[in-house]
Amino acid sequence: MSPDPNRPADPSAGYAPEHRTAVAAAEEAGALLRSRIPDGFAARPKGGLGDVVTDLDLMAERLVVGRIRDRFPDDRILAEESGEHRGDGSGRTWLVDPLDGSNNVVIGLPVYVVGIALCVDEAPVVGVVHDPVAGRTWSALRGGGAHGPHGALAGGRGGRPLPPAGPLLAWTQGHAVPRDDPAARTLRHTLEARSRRLLQLWAPLVAWAMLARGDIDGFVGYRAEAIDLPAGALLAREAGVAVRHLDGREFRCGFGGPDTERSFVAGRHEVLPHLLELVAPCLPADPPGLPPSRPGRGPSS
C-alpha cells in the first residue's frame, strides 16, 4: 500500500533507530548493574560536596557509550563520568547518566535508574529511563508520545484533583548548589510547608518517570544537573506534563548554558498555576539571567 500523501509525517519516525539503540543500551546496562550490585562494589568520593562514584557507574557508562559509538560513530556523547566524546559537529549530542542514584546504591537503597537522551541542537528528541530493580523502561520520542511497560503514559493529562493536604511533589537541586544557598533553602521550606509530601529521591530521573506516570503531582528543580534533565523532561512533556521556569517562562529542557537556567516547575496543566504560586514568593525581584520584571509576566499556555 502506498503512503497517503495528505497524511502528515510522523515527527518521531526519523529517530526510531536512535530510540531502539538507547532502549537496548539502557536495558543492557541495567542488567549489568542488577547482576553486580549483590556482589559488592567499590565507591569513592566525587568532588567535595558529598557525591560519590562507583565502579558500577564506570562499567555501565562504558557499555552505553560503546553501544552508541558502534551504531552512531560520528555523534558527540556527553557522559556523566568520562565527559565529552567528540563528534563531527553535526549538532547531535547523546547524554548518558549510567547510574542516576549512586548515593542510594551506596547506602543500600534500591532507587536508581539508567538515563539516556539524544539532543539535536540542544533540544531532546529521544529520552530513555530504565529501572534495573523492577526491569521497567520508560521512553519518549519528540512528537511521538511517551511509553512504558503498559503502554502510553499520560500522567500530565487530567487526573485526580489536588487533595486538601496539598500536592505530592518531588525536589531536586544541582550538585554545585551550596548547602546554605538561601534560594534553595527558601524553596524547600516553602514546598515542605505547603505540600502533602516533598520527595527528595537523589535520583531525578526516577522523579521524572513518576511524574510522567501520574504518581506524583509535580516536580520542582533548582539549578538542576544537565546530564539527566533532557531525558526526564522529554519523557514528562510527551506524557502531557507542563514544564516551566520558576517564573513561568517556557522551559527549553536543554543541557547547555548556566545552571541558573535549569530551575523548573513541572506538573499537570491544571496543577501548574498552583505550583507557580507556591514558588513565586521565593523568587527574587529579578532572578539572575532574567530580564527585568514586567507586568503580566506569567506561564504561557
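Presented here is a report on the structure given in the accompanying data block. Please read these numbers as outputs of a predicted model, since none were measured by experiment. (Residues numbered from 1 in each chain as written. Predicted model: local features only at pLDDT ≥ 70, side-chain atom pairs only at ≥ 80, totals over all residues. Heavy atoms only, no water.)

### Concerning the overall build of the protein chain
In plain terms, the rule: Elements are defined by DSSP. Helices are runs of H or I of four residues or more, strands are runs of E of two residues or more, and each kind is numbered from the N terminus. Burial status follows relative accessibility: with a 1.4 Å probe on protein chains alone, a residue under 20% of its type maximum counts as buried, one over 50% as exposed, and anything between as partly exposed. Should any heavy atoms of two residues lie within 4.5 Å, those residues are counted as being in contact. Only the protein chains shown count as cover for residues, with accessible areas throughout obtained via the Shrake-Rupley method and a probe of 1.4 Å.
Along the protein chain, the regular secondary structure elements total 7 helices and 15 strands. Within the protein chain, the proportion of its 301 residues that are buried is 51%. A separation threshold of at least 6 residues defines the contact pool for the protein chain, and within that pool the share at least 24 residues apart is 63%. Only carbon and sulfur atoms are counted for the fraction: they give 54% of the accessible area of the protein chain, which is about 13800 Å².

### Notes on unusual backbone geometry
Of note, Asp121 is a non-glycine position whose phi angle comes to about 55°, a positive value. Along the chain, the position of Asp121 falls in the loop between β6 (113-120) and β7 (123-131). Using a relative accessible area of 59% as the deciding quantity, one classes Asp121 as exposed. Positioned with a positive phi, Glu122 is a non-glycine residue whose angle comes to about 80°. The class for Glu122 is partly exposed, based on a relative accessible area of 25%.

### Examining the nonpolar core
The line we're drawing: Within this scheme, the nonpolar core is defined by two criteria: the residues are buried Ala, Val, Leu, Ile, Met, Phe, Trp, Tyr or Cys, and they are joined through side-chain atoms within 4.5 Å.
Counting residues in each nonpolar core, the largest one holds 40 residues, and the members touching the most others are Trp208, Leu211, Phe219, Leu235, Phe264 and Ala266. If you list the elements that add at least two residues to this core, you get β6, β8 (136-141), β11 (168-173), α5 (204-213), α6 (229-238) and β15 (264-267). No other element matches α5, which puts 8 residues into this core. If you look at the next biggest cluster of nonpolar residues, it comprises 30 residues, including Val23, Leu33, Phe72 and Val114.

### Comments concerning the sheet that holds β15
The following threshold applies: Pairs of strands are assigned from DSSP output, requiring at least two bridges between the strands. Each axis is a line fitted through C-alpha atoms, and for a helix only the stretch in contact is used; angles between axes span 0 to 180 degrees, taken between their N-to-C directions.
Taken in spatial order, the 5 strands of this open sheet run β12-β11-β13-β15-β14, and their pairing is mixed. Strands with a single pairing partner mark the edges of an open sheet, and in this sheet they are β12 (197-199) and β14 (242-245). The sheet shows a mean angle of 20° between the axes of neighbouring strands, taken without regard to direction. Where β11 lies against strand β13 (residues 218-222), 5 bridges are found, and the strand directions are parallel. By the bridge assignment, Ala170 is partnered in β13 with Phe219. Those strands touched by helix α4 (residues 182-194) are β11, β12 and β13, and its axis lies near 170° from that of β11. Packing of α5 onto the sheet brings it into contact with β11, β12, β13, β14 and β15, and relative to β13 it is tilted by some 150°.

### Some words on the side chain of Thr137
Note the cut-off: For this analysis, a polar contact is any N or O atom pair within 3.5 Å, provided that within protein one partner can donate a hydrogen and the other can accept it, and provided that sequence-adjacent residues contribute only side-chain to side-chain pairs.
With respect to the helices and strands, the residue Thr137 is situated in strand β8. On the accessibility criterion, Thr137 (13% relative accessible area) is buried. Of the polar contacts made by the side chain of Thr137, one reaches the side chain of Glu27; its length is 2.7 Å. Of the polar contacts made by the side chain of Thr137, one reaches the side chain of His130; its length is 2.8 Å. In contact with Thr137, other than residues within four places in its own chain, are Val23, Glu27, Val128, Val129, His130, His147, Gly148 and Pro149.

### Examining the packing of aromatic side chains
Counted only if it meets this: Centre distance within 6.5 Å is the pairing criterion for rings of Phe, Tyr and Trp, where only the six-membered ring of Trp is used; planes under 30 degrees apart are then read as stacked, over 60 as edge-to-face, and the remainder as tilted. Think of it as a cone above the ring: NZ of Lys or CZ of Arg counts as a charge over the ring if it is within 6 Å of the ring centre and within 35 degrees of the ring normal.
Taken as a whole, this structure holds 5 aromatic pairs when the rule is applied. Feature note: the residues Trp208, Phe219, Phe251 and Phe264 constitute an aromatic cluster, connected by ring pairs. In this structure, Arg92 packs its charged tip against the face of Phe72, placed 5.5 Å from the ring centre.

### Brief notes about the environment of Cys282
Residue position: Cys282 is located in the segment after α7 (272-279). Judged by its relative accessible area of 11%, Cys282 is buried. As for Cys282 and Ala184, which are separated by 98 residues in sequence, their C-alpha atoms are 8.9 Å apart. Beyond its immediate stretch of four places on either side in the chain, Cys282 contacts Thr186, Leu187 and Thr190.

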